[in-house]
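One-letter residues, chain by chain:
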Amino acid sequence: MIKKHTNLHLLIPVIFLFPSCSWVSLALAQNETIIPVHVGVILDNLQYSLTKDIWLSCIKMAVLDFYATHPHYNTRLVLNTRHCKENVVSAAAAALDLIKNERVEAIIGPVTSMQTSFVINLGNQAHVPIISFSATSPSLTSLRIPYFFQFAQTDSSQVKAISAIVKAFGWRQVVPIYIETEYGEGIIPYLTDALYEVNARVPYRSVIPSSATDGQIVQELSKLMTMETRVFIVHMTADLSSRLFVKAKEIGMMSQGYVWLTTNEILNRLQSQNSTVIDSMQGVLGVQTFVPLTPELDELKIRLKQQFHTHNPAIGAELDVFGLWAYDAVFAVAMAIEQAIGTPTSFPFQESNAASINSTDLEGFPVSQYGPKLLRALSTARFEGIAGHFTVFGGKRNSSNFQIVSVNGGGARTIGFWTLKNGLVKTLNSSAGSSKISSSKFDFGPIRWPGGSLSVPKGWEIPKKGKKLRIGVPVKVDFTEFVKVAKDKTNTTVVTGFSVDVFKAAVKLLPYALSYEFIPFANSDGTSAGTYNELCYQVYLGKFDAVVGDTTIRADRSLYVDFTMPYSESGVAMAVPIIDFKSKHVLAFLKPWTWDLWLTICFFFVYIGFVVWVLEHRINKEFRGPLLHQVGTSVWFSCSTMVFAHRERLVSNLARFVMIIWVFVVLILTINYTASLSSLYTVEQLQPTVTDIEVLVRHRDNVGYIKNSFVYDLLKQVGFDDSKLKDFETMEEIDEALSKGTVNGGIAAFVHGTPKMKLFLAKYCSKYTMIGPIFKTDGFAFVFPKRSPLVVDVSQAVLNMTGGDEILNLEKEWFKKESNCQDSSDATVSSNSRGLGSFWVLFLIAGLASVLAIIIFVASFIYKHRFVLVQPADSEPSTWRKIRALFKIFNEKDLDSHTFKRSNRQRDAVMDSPNNFPGTLVHHNSDHTDQINSLFIGEQQTISIVEAPSDELLPSPTEVVITVQKMQRTTSNTAQEYN
């Protein structure tokens, strides 16, 4: 911070007692090494502005204070002050005079942004830094002139703070009021962008000329009174804003319901305003540059008051932030000059051409040799200034914090702060975690608004002096239960209907009165003037303020209008004729199951039969025999399980395992089929003629819709041709067309929104049914302009209605059903057939079980006959021969099975005559497929003839007969046992 010096007050009287004596001369007398450096100061004419006089005093005090705290510096600033008129030409002339005639190394000033934009070009050409402490327009830095330094806080730094206030109170529309100068227009792009980020729009911009008269100001304010927006942001000079607020109060715009926000230019100079202006600004809210209170700041204020009290006791001196910025600017310039100009030089300037003394033309424009050094020194300036920490970045002073103030009584009261890091906070000395609050939930505490109200204004209202809310309503021939436009006996237009009653009920729930009138969207002859899209577009064009009717929320419409919350159910449905399925369908017995389920069942019957045959073929004689016999037996066995009529016995445990699961699956299928078929033949089956809109597209059927409805676009997107789409206006026309059907020139289906579809079915419930919804929509809603503040309030009112009984009572009143119609609002027409999706788990289990059984069987079979695959080294049969050998073995009986075990000693051949060869006994096989003593080696099969030894005694014929009879009895008993 700046150090205190007790001897400083002794120097002040000397300066003012000897104004003609330069303090530089005194310094030079004490130290001959002091280098005087000329610095220019450009201010407006002090004769008309007390504020500029205070700024000049701050600049002079800053010079004294700096060298009092830095007496060892070799340089001393010599101020050369120029007072110009409030125009750019005068400011440019003053700058040219300082550069050419006074040979200044830097210029502090000028005052306004427009003046500065001209002067900085001269400084850039002469390499003379232009330091501004009062020009705040962000457009100046966009010029990217290196020799310009903006030590005043730019206006763009405060737009985030203002938008945070707007967001905190939830205002959605804001009108900026600004001066028609570079200073006023420079902030507008930044302000609108910041408001857009918080979802607030700018419906209108009010521009006040800098030379506007009181009459022009009143005229512009009167125009604002006719608009619904009540939130205004004022950005202009303090002088013009004081006149604006006085006139606003005179015409009643500082009353309850209005919101006035200001930028820091106005509130930073609030202390310099008179009591009349401050009284007219009661309730104004705005931002003010935050300057921390320090002992040095208090001392500076006291010295300033003493100085003005000495010269003119009747004038009070109030220091504003611009004076503090001027004070810090002098410190920065003095430090930079000391750093840049280390040793005296006789040629600080170099002229390009000879120039005459006291010339202000542009010829022989001098160029400062110290310009580049000063440029680098100023760009790196860093110190603790009187207005806070001072740092230069990109030619601008670092942004400081803002305090949110409310004008009440004789001054401003701080209600919060805004920082670049934490946003809105209650205090600056709190930690970020405890003080930072979301701007959308920030609590400023009690605020007294214009008119003395303590409640937060909603930011808009329907102007009392304006017109009524113009509400467009559609004109229709039928479906007038929603909106009906008619003429009464006095030829007055009367609008009624369900949608109208819902809107009226919602308006009653609003916390304020809303004046409106219904205007039919019709031609001069009373017919409809266009589609619903065209009706909504009228709101965008401004011909209607809202639309009330059966208007569906659509994405394409939301591009140019806003919708409230829907007040009806959503969706697009399809009405189709219904027929008695039981009496009109000859294949009704197939209806319980879908085709995919029927095909799956047939496949599994064949598949399970095949699996059982594989598992039983080698060990069960009932699954042996000719090929056709085996196929028939397998299929018959599998299918007969449906009625549990199979007679074949299973021998293999694997086959039994598979059949246990398959019988369970068949049981479930049988129960389901029986129940569905019973219901089909005992209950009246009214089924729709079609249940999918894609079927209508494929069959090229005609489809109907309501004229001027959005459904036409949906049907075109699905793929319908224009020739297949027919529009209708009345329910009777739709009924007649549905009765004819596509073949007779009618339609196969009628497509429309669910609410109107239910209205149609309420009248023709016995002939048609509703399918769907086939398209998803968001229901009926009210239409308002984009970002209209009414959308939120009306939507809240609609939600309150739909959550209560009032909406139900209105539906009962307008949508009365025919006495012979049942309530089918909750019924959904769909196919009663069961599909594969209902039983896929059962089929999966059966399939896995059968596959597992086959795997186990094949593995054990290959292992048992592995000798076929393993051959001696001298024989190498092909793989195909091995496979054929395995299949031949599979086709034989498994004699090791308990079902085919026989006594090896039984005789199965009978002697035909006593002359048979006595030494030979031939063994016969009863089955031509069985060869007991056959050996498969490759493809050779050898039948062995067993010869009895010569010394063995053959049995007698009697013994042979007895043996054969015993074998026959044994075989018969065995067959009976296995049957």
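Above this text is the structure in question.
All figures in this text were calculated on a predicted structure; none of them were measured in a lab.

**Q** Just checking my understanding: could you explain the overall build of the chain for this structure?
**A** Within the chain, the regular secondary structure consists of 32 helices and 33 strands. Burial statistics for the chain: of 979 residues in total, 47% are counted as buried. Once local pairs closer than 6 in sequence are excluded, the contacts in the chain between residues at least 24 apart make up 72%.

**Q** What is the right way to look at a nonpolar patch on the surface in this model?
**A** On the surface, W840, V841, L844, I845 and L848 cluster together to form a nonpolar patch covering roughly 490 Å² of accessible area. Within the secondary structure, V841 sits in helix α29 (residues 840-864). Owing to a relative accessible area of 40%, V841 belongs among the partly exposed residues under this scheme.

**Q** I would appreciate a short explanation of the sheet that holds strand β9 (residues 259-262) in the present structure.
**A** Sheet strands pair via backbone hydrogen bonds, and the direction of the pair is either parallel or antiparallel. On the basis of which strands lie adjacent, the open sheet formed by eight strands has the order β7-β6-β8-β9-β10-β16-β17-β18 and mixed pairing. Strands with a single pairing partner mark the edges of an open sheet, and in this sheet they are β7 (206-208) and β18 (423-425). Taking the axes of each pair of neighbouring strands and ignoring which way they run, one obtains an average angle of 30 degrees across the sheet. Relative to β9, strand β8 (residues 231-235) runs parallel, the two sharing four bridges. Considered in β9, the bridge of V231 is made with V259.

**Q** Even after reading the chapter, I still don't get the pattern of salt bridges, so can you show me in this structure?
**A** Close approach of charged atoms allows side chains with opposite charge to pair. For the structure shown, the criterion picks out 21 salt bridges. One salt bridge connects R397 with D328, and the closest N-O pair in it is separated by 3.1 Å. On the criterion of sequence distance, the pair formed by R397 in strand β15 (residues 396-397) and D328 in helix α14 (residues 321-340) is long-range, its members being 69 residues apart. Neither residue differs from the other here; R397 and D328 are each classed as buried. We note a salt bridge from K763 to E732, for which the minimum N-O separation is 2.8 Å. Here K763 is found in helix α26 (residues 754-763), whereas its partner E732 is found in helix α25 (residues 731-740), with 31 residues between them in sequence. Judged by its relative accessible area of 41%, E732 falls in the partly exposed class. Taken together, the shared-partner salt bridges in this structure form one network comprising D214, R243, K247 and E250.

**Q** Help me out: how do you make sense of unusual backbone geometry in this one?
**A** Excluding glycine, a negative phi dihedral is what most residues carry, and trans is how most peptide bonds are arranged. With omega at -5 degrees, the peptide bond leading from G109 into P110 counts as cis. Mapped onto the elements of the fold, P110 is located in the loop between β3 (106-108) and α5 (113-126). In the Ramachandran plot, N199 falls in the positive-phi region, its phi being about 65 degrees despite a non-glycine side chain. Locating N199 in the fold gives a position in the loop between α8 (188-197) and β7.

**Q** Even after reading the chapter, I still don't get the pairing of strand β20 (residues 484-487), so can you show me in this structure?
**A** Both faces of the sheet carry side chains from a regular strand, because those side chains alternate between them. In terms of strand pairing, β20 meets strand β21 (residues 493-496) through four bridges, oriented antiparallel. In the strand pairing of β21, K487 is matched with T493.

**Q** In this structure, what is going on with the packing of aromatic side chains? I would like to understand it.
**A** What describes a pair of aromatic rings is the distance from one ring centre to the other and the angle between the planes of the rings. Going through the model one piece at a time under the given rule, you end up with 52 aromatic pairs. Relative to F544, the ring of F521 lies with its centre 6.4 Å away and its plane at 80 degrees, an arrangement referred to as edge-to-face. Remark: F544 occurs in the loop between α18 (532-541) and β23 (546-547) and F521 occurs in the loop between β22 (516-520) and α18; sequence separation between them is 23 residues. Each member of the pair, F521 together with F544, is buried. Aromatic ring contacts, followed pair by pair, group F66, Y67, Y73, F149, F151, Y327, F331, F383 and F390 into a single cluster. Taking NZ or CZ as reference, K458 lies 5.5 Å from the ring centre of W460, over its face.

What counts as what
Residues numbered from 1 in each chain as written. Predicted model: local features only at pLDDT ≥ 70, side-chain atom pairs only at ≥ 80, totals over all residues. Heavy atoms only, no water. Helix = DSSP H or I, 4+ residues; strand = E, 2+ residues; numbered from the N terminus. Buried < 20%, exposed > 50% of the residue type's maximum accessible area, 1.4 Å probe, protein only. Contact = heavy atoms within 4.5 Å. Patch = residues over 30% accessible without salt bridge, like charges linked within 9 Å, V, L, I, M, F, W, Y side chains within 5 Å. Areas by Shrake-Rupley, 256 points an atom, 1.4 Å probe, with all protein chains shown as cover. Salt bridge = Lys/Arg side-chain N within 4 Å of Asp/Glu carboxyl O. Pairing = 2+ DSSP bridges. Axes fitted to C-alpha atoms, helices over the stretch in contact; angles between N-to-C directions. Phe/Tyr/Trp six-rings, centres within 6.5 Å; stacked < 30°, edge-to-face > 60°. Lys NZ or Arg CZ within 6 Å of the ring centre and 35° of its normal.

These results come straight from atomic positions and should not be treated as a statement about function.
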